[in-house]
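Overview (structure and organization)
Now for the letters of each chain:
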Amino acid sequence: MDLSITVDELATVNIDFVISMFILLVILGSVLSIAGGRLETVEKAEEMIQARSVSEKVASAIEEVYSGGEGHQVEIEMPLDIKGSYYQVNVNQSGVLVEVGGWDAYSYSFQKKISSYNSNQSEVTLLPNRTYTFRNVKDGYSNKVVIF
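Residues numbered from 1 in each chain as written. Predicted model: local features only at pLDDT ≥ 70, side-chain atom pairs only at ≥ 80, totals over all residues. Heavy atoms only, no water.

This brings us to the sheet that holds strand S7 (residues 131-139). Within the open sheet, the four strands sit side by side as S1-S7-S8-S5. Their pairing is mixed. The sheet is open, and its two edges are formed by strand S1 (73-77) and strand S5 (113-116), each paired on a single side. In this sheet, adjacent strand axes meet at a mean angle of 25° when their direction is disregarded. Direction of pairing for S1 relative to S7: antiparallel, over a ladder of five bridges. Residue pairing for S7: glutamine 73 is matched across the bridge by arginine 135. (Pairing = 2+ DSSP bridges. Helix = DSSP H or I, 4+ residues; strand = E, 2+ residues; numbered from the N terminus. Axes fitted to C-alpha atoms, helices over the stretch in contact; angles between N-to-C directions.)

We now examine the environment of glutamate 99. Looking at where glutamate 99 falls in the secondary structure, it is placed in strand S3 (residues 95-100). Setting aside residues no more than four positions away along its own chain, glutamate 99 makes contact with Tyr86, Tyr87, Gln88, Asn90 and Asp104. (Contact = heavy atoms within 4.5 Å.)

Attention now moves to the nonpolar core. By size, the foremost hydrophobic cluster in this structure holds 26 residues, and its most contacted members are Val58, Met78, Val89, Val91, Leu126 and Phe134. Examining the composition of this core, we find that eight residues originate from one element, helix H1 (residues 9-68), more than from any other. Once residues lying within four places of it in the same chain are set aside, the contact partners of leucine 126 are Val58, Met78, Gln88, Val89, Val91, Tyr132, Phe134 and Ile147. (Core = buried A, V, L, I, M, F, W, Y, C linked by side-chain atoms within 4.5 Å. Buried < 20%, exposed > 50% of the residue type's maximum accessible area, 1.4 Å probe, protein only.)

To continue, consider the sheet that holds strand S4 (residues 103-108). The strands that make up a sheet are held in pairs by hydrogen bonds between backbone atoms, and each pair lies either parallel or antiparallel. Read from one edge to the other, the open sheet built from four strands follows the order S4-S3-S2-S6, with strand pairing classed as antiparallel. The strands lining the two open edges of the sheet, one partner per strand, are S4 and strand S6 (123-126). Each neighbouring strand pair of the sheet contributes to a mean axis angle of 20°, computed without reference to strand direction. For S3 and S4, the ladder comprises six bridges, and the chain directions are antiparallel. Across the sheet, residue valine 100 finds its bridge partner in S4, namely tryptophan 103.

Right, let's get into the pairing of S6. Of the two faces of S6, the one lined by Val124 and Leu126 is fully buried and the one lined by Glu123 and Thr125 carries no buried residue. Pairing of strand S2 (residues 87-92) with S6 involves four bridges; the strand directions are antiparallel. Directly across from valine 89, in S6, lies its bridge partner leucine 126.

Here you go:
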């Protein structure tokens, strides 16, 4: 009675290969998941950079108009969208707020009176894909920036 155990070298190599491939796939899946998350973060950062750029552009126009004196005006064109997302710009006496994709970008401005052409309001909303004129007008003993 010969009870010797025979070793199948080919089967051992196949099992090692299957285990190695499984571990490789798990590692590859983890790396792809992390990379996908990082790319999404980069896209959001680019969106916020553009939103901040819009807020700085509007705040800069307000500063330029106000410092230019009575009658000075600047015209700016709002972009169609920010990285494919709808946005809204709110301007008030303390600064410019851009809301896009659940995030906010804010640019501060020193105390200035702001109003729209059709009413004397303290906050003006600017919408995408429109051209606005910022004008410095006399308001009693002081000046204010009117947005047309």
